[in-house]
Amino acid sequence: MAEGSEFCRPRLIRFSDCDPAGIVFYPQYFVMLNGLVEDWVNAGLGLSYHGLVAQRRIGLPTVKLEVDFRAVSRMGDQVMLGLAVERLGSRSLTLQVRCFEPVSGEVRMQMQQVLVTTSLDTHRAVAIPDDMRAAIVRNAPALG
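From a predicted model like this one, the values you see are computed outputs, not experimental measurements.

### Here we look at the packing of aromatic side chains
Reasoning step 1: Across all of its chains, the model carries three aromatic pairs by this definition.
Reasoning step 2: Where tyrosine 26 meets phenylalanine 69, the ring centres are 6.1 Å apart and the plane angle is 70°; that geometry is what we call edge-to-face. Here tyrosine 26 is found in the loop between β1 (7–12) and α1 (27–44), whereas its partner phenylalanine 69 is found in strand β3 (residues 62–69), with 43 residues between them in sequence.
Reasoning step 3: Relative accessible area serves as the criterion here: at 48%, tyrosine 26 is assigned to the partly exposed category.
Reasoning step 4: Exposure remark for phenylalanine 69: the relative accessible area of 44% places this residue in the partly exposed category.
Reasoning step 5: Both rings, one in tyrosine 29 and one in phenylalanine 69, keep their centres 6.0 Å apart while their planes meet at 40°; by these two values the pair is tilted. Of the two residues, tyrosine 29 sits in helix α1 while phenylalanine 69 sits in strand β3, which places them 40 residues apart along the sequence.
Reasoning step 6: Exposure remark for tyrosine 29: the relative accessible area of 3% places this residue in the buried category.

### Describing the nonpolar core
Reasoning step 1: Ranked by size, the top nonpolar core spans 33 residues in total, and within it Trp40, Val41, Leu45, Leu93, Leu95, Met132 and Ile136 carry the most contacts.
Reasoning step 2: Per element, the largest residue contribution to this core is seven residues, and it comes from α1.
Reasoning step 3: Once residues lying within four places of it in the same chain are set aside, the contact partners of tryptophan 40 are Phe7, Leu45, Leu83, Val85, Leu93, Leu95, Met132 and Ile136.

### Considerations on α1
Reasoning step 1: With 18 residues, α1 should reach 26 Å at 1.5 Å per residue; the first-to-last C-alpha distance of 24 Å fits that figure.
Reasoning step 2: Looking only at α1, the buried set comprises Tyr29, Met32, Leu33, Leu36, Val37, Trp40 and Val41.
Reasoning step 3: Positive phi shows up at glycine 46, right after α1, with a value of about 75°.

### So, the environment of phenylalanine 7
Reasoning step 1: Checked against the element boundaries, phenylalanine 7 lands in strand β1.
Reasoning step 2: Expressed as a C-alpha distance, the spacing of phenylalanine 7 and leucine 83, which sit 76 residues apart in the sequence, is 5.1 Å.

### Focus on the side chain of glutamine 113
Reasoning step 1: Along the chain, the position of glutamine 113 falls in strand β6 (residues 107–116).
Reasoning step 2: A polar atom in the side chain of glutamine 113 sits 2.8 Å from the side chain of threonine 62.
Reasoning step 3: Every residue in contact with glutamine 113, bar those within four places of it in the chain, is listed here: Val37, Thr62, Lys64, Leu65, Leu93, Thr94, Leu95 and Val97.

### Thoughts on helix α3 (residues 130–139)
Reasoning step 1: Every buried residue of α3 is accounted for by Met132, Ala135 and Ile136. For α3, the arc enclosing every buried residue in end-on projection is 100°, short of the 170-degree limit, so these residues lie on one face. With respect to the buried face of α3, the exposed residues turned more than 90 degrees away are Asp130 and Arg138.
Reasoning step 2: Contact partners of the buried residues in α3: α1, α2 (49–55), β4 (78–88) and β5 (92–100).

### Some words on the sheet that holds β3
Reasoning step 1: Taken in spatial order, the five strands of this open sheet run β1-β4-β5-β6-β3, and their pairing is antiparallel. Each edge of the open sheet is held by one strand with a lone partner, namely β1 and β3. With direction set aside, neighbouring strand axes in the sheet form an average angle of 20°.
Reasoning step 2: Bridge count between β5 and β6: nine bridges; the pairing is antiparallel. Looking at the pairing, leucine 93 lines up with leucine 115 of β6.
Reasoning step 3: Helix-sheet contacts for α1 involve β1, β3, β4, β5 and β6, and the interaxial angle to β1 is about 135°.

Basis of the calculations
- Residues numbered from 1 in each chain as written.
- Predicted model: local features only at pLDDT ≥ 70, side-chain atom pairs only at ≥ 80, totals over all residues.
- Heavy atoms only, no water.
- Phe/Tyr/Trp six-rings, centres within 6.5 Å; stacked < 30°, edge-to-face > 60°.
- Helix = DSSP H or I, 4+ residues; strand = E, 2+ residues; numbered from the N terminus.
- Buried < 20%, exposed > 50% of the residue type's maximum accessible area, 1.4 Å probe, protein only.
- Core = buried A, V, L, I, M, F, W, Y, C linked by side-chain atoms within 4.5 Å.
- Contact = heavy atoms within 4.5 Å.
- Expected span 1.5 Å × (residues − 1).
- Polar contact = N/O pair within 3.5 Å; in protein donor to acceptor, adjacent residues only side chain to side chain.
- Arc of directions from axis to C-beta.
- Pairing = 2+ DSSP bridges.
- Axes fitted to C-alpha atoms, helices over the stretch in contact; angles between N-to-C directions.

What follows is the structure, encoded as structure tokens:
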């Protein structure tokens, strides 16, 4: 990950994130990290996620996930969620996403996620929109 290229957001682990053992129920990480992708598009790229999906009819479905769960997160933990673009293709992008403890840096979970830009009308892959590509490259010039 290039220095400064990771988009981060703090996240409180809530009661609703946890299973009866008091730790994050693993599917909840996917919900949290989907929210992180929305935040990244809005705040990190300066685009409108709502505009992309609802108006421009461009979807960002996940087509591949590889996940490592390394340590537990418990209700009340303050964690950091981070996202960096590893690869930028013509119709897809590969993200490195992680949940980590912000002080020690301990990684709780990390995943590689492949998103494909699709038409929500035809459900076929389409080119990554030019403004989205430009914003990604602006934040991670090595991808350009």
